[in-house]
Each structure stands twice: as C-alpha cells, then as structure tokens.
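Here's the letter readout for the chains.
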Amino acid sequence: MSDITLKTEYDARPIGVFDSGFGGASTLRNILRLLPNERFIYFGDNANAPYGDKREDEILALSEAAADLLLHKGVKALVVACNTATSASINALRRKLDVPVVSVEPAIKPACETPGEGCVLMLATVATTKLARYKALQARMREPERVINVGCSGLVELIESGSALEEDILRLLEEKLAPFEGKKVDGIVLGCTHYPLIAPVFERYARAHFKGACRLYDGNEGTARQLRRVLRANGLEADPMATPPENRVSFFTSGDEGSLEPIFRRLLETPIYEQ
Ligand code: DGL
C-alpha cells in the first residue's frame, strides 16, 4: 500500500495585501508569479500615503485599520507589503489577528553577504530607518556598520503620482545620495516597496555615480516564499487543480478608485528585475 496521502481540502478564500499606496504592487508581482492559483484582495491606503514621514503610533493605527478592512472582506492570510508598516505594526498585528501575517522587510541580509569591501546602501522611508525593529535587524548583521541607511523622503510621493518624470526622480536621488558620489557600493537595498517599481532608475543612477557592483536587493521574493511556506503549514493553500479566476487581484483604495486603479494595474505589470 502506498504511504502517499493526497491532500483533499483546499482553501479558496483570497489573501489580503496592503501598503500605504502602490508600493505593495512590487511585492504582489513576486507573489502572483510564485502562487499562480491564489486570489488576492489589495488595499492601497493612497489617501494616507506616505506613511514614512508619520509618527510610529499613526503608522500603527493606519496599519491596523488596513488589516481590519481586509479581514472584514474574508481573507485567509495577510501580507504587510510595506516595510514602514512592518516596522511599526507587525508585532501588534500578529498578536491581534487570528489569520497568519507575513511581512516584507529590508533585504539587508543577502546584501551584506555580497562579497566586497564597499558599503551597502539601504534606501527606505525615514520612519523605517529610525524604528526599533529595523535597527534590531541591522544590529544582527555580521558587519552592521557596512550598512548605511538613507531616508529618501519625497520619493514615494513621486512614485505615487504615477507620472513622475525620470529626471525628477534622478534629481531627488542626487540630493539624497550626493555624499556617496564615486564611492564603492557593493549593494543597494530597496527598503521601501515603492522603490522596486522604479528599479531601472536606481540602476542607471548607480552606474553613473558609484563604483562597485551596486547590486539591487529587495525583500519581495523572500516574502512571497514565506507566504507559500505559511499557507502550506496552515493548510490554507488554494486547490492547484482549480482553474484560476480571470481577475486574480481585486483592488481597493482609501483614495479615488477610478483614477488610481489603472495606475495600480499598470505598476503590477512592470517587470521584476533579477537579484
Ligand atoms: N511602501 C512603503 C514601504 O515599503 C512605504 C511608503 C510610504 O512612505 O508610505 O515602506
């Protein structure tokens, strides 16, 4: 007799994903690729973006409200697709919610494993760079001082506009990254989920202004894999044999749905860069 047991129970409920705005589209791109049979409800808190210049208690309250909204829509698991929200709220959300919660975090670990004598630039919102959770993550690295944190206020607003010109983004990067001009940079961590959506701009900037490999890293693929592990461990996977529904992602926003949804759908289609 075969000892192979066939799984017969599947969970067709959707997975909730939220961010302060469009940034979570970069996380969702990786998740959609890895989990082709799952459905998603995305909430972008665009009316309250950016989170990164707010106080910790404000970010926590907004994250809890976003999670409640998705829970009321009947999600089976939650993905915090915002590094800032993770830093301010992940412990509280895990304590409070009775569904599994997975979250994105700045990918400084793989970046620090890149060989080289240069630095690792970690670009994120000001809040992420200052909050205790991220600081503790950095302190766990073998050479924490190799990581230089740069808060990039203003960048999320440009990406949220959906129509920022590359020259405006480059001007802002010049302003934030001027101190590293000509330096050896081994890795650049895109520590805000909005940033991978404009990865080619970071690549062009790095080629023109830094020495070293300047490899880009983000936490999206790690988050997608963690979500797959958590769904399996909790028996929450969708039936792999069921035909996936045509529209796998429902979009909700605290802003104007009519004007924001087309931008979100376009960002979701942008290609993932190889890490
Ligand atoms: N996308 C978010 C992150 O990963 C935050 C953007 C914001 O400041 O609202 O940190």
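Structural notes, computed from the coordinates. Small disclaimer: the values here were computed from a predicted structure and weren't measured.

Quick notes on the rules
Residues numbered from 1 in each chain as written. Predicted model: local features only at pLDDT ≥ 70, side-chain atom pairs only at ≥ 80, totals over all residues. Heavy atoms only, no water. Helix = DSSP H or I, 4+ residues; strand = E, 2+ residues; numbered from the N terminus. Rg over C-alpha atoms; globule rule 2.2 N^0.38 Å. Buried < 20%, exposed > 50% of the residue type's maximum accessible area, 1.4 Å probe, protein only. Contact = heavy atoms within 4.5 Å. Areas by Shrake-Rupley, 256 points an atom, 1.4 Å probe, with all protein chains shown as cover. Lys, Arg positive; Asp, Glu negative; His and termini not counted. Charge placed at Lys NZ, Arg CZ, Asp CG, Glu CD. Core = buried A, V, L, I, M, F, W, Y, C linked by side-chain atoms within 4.5 Å. Pairing = 2+ DSSP bridges. Axes fitted to C-alpha atoms, helices over the stretch in contact; angles between N-to-C directions. Near = heavy atom within 4 Å. Polar contact = N/O pair within 3.5 Å; in protein donor to acceptor, adjacent residues only side chain to side chain. Nonpolar A, V, L, I, M, F, W, Y, C, P; charged D, E, K, R; others polar.

Moving on to the overall build of the protein chain. Each helix and strand counted, the protein chain has 11 helices and 9 strands in total. Expected size for 275 residues packed as a compact globule is a radius of gyration near 19 Å; at 19 Å, the protein chain falls within 12% of this value. In terms of overall dimensions, the protein chain has C-alpha extents of about 65 × 50 × 35 Å along its principal axes. Here the protein chain holds 275 residues, and 52% of them are scored as buried. Considering only contacts in the protein chain between residues 6 or more positions apart, those separated by 24 or more positions represent 81%. Per element, the accessible surface of the protein chain, about 12,800 Å² overall, is 52% carbon and sulfur. Put simply, the protein chain has 34 plus and 38 minus side-chain charges, and the middle of one group is 4 Å from the middle of the other.

What follows is about the nonpolar core. With 55 residues, the main nonpolar core has L28, L155, Y195 and F210 as its most contacted residues. Every residue in contact with Y195, bar those within four places of it in the chain, is listed here: L123, A124, T125, C152, L155, V156, I159, L190 and F202. Grouped together as the second largest cluster of nonpolar side chains are 22 residues, V80, V99, V101 and L131 included.

What follows is about the sheet that holds strand β2 (residues 40-44). Read from one edge to the other, the open sheet built from 5 strands follows the order β4-β3-β1-β2-β9, with strand pairing classed as parallel. Both edges of this open sheet fall to β4 (101-103) and β9 (249-253), since each of them pairs with a single strand only. Each strand of the sheet is rotated relative to its neighbour by a mean of 20°, with strand direction disregarded. With 3 bridges connecting them, strand β3 (residues 78-80) and β4 associate as parallel partners. The residue of β4 that forms the bridge with L78 is V101. Lying over the sheet, helix α3 (residues 83-96) contacts β1 (15-19), β3 and β4, oriented at roughly 165° with respect to β4.

Turning our attention to the site of the ligand. Surrounding the ligand, one finds 13 residues, the nearest of these being S20, Y51, G52, T84 and T193. At 2.6 Å from an oxygen atom of the ligand is found a side-chain nitrogen or oxygen belonging to S20. Surface burial for the ligand is 99%, taken as the share of its 300 Å² of free accessible area covered by protein chains. Split by residue class, the shell around the ligand holds 5 nonpolar, 7 polar and 1 charged.

Don't take any of this as a statement about function, it's just geometry.
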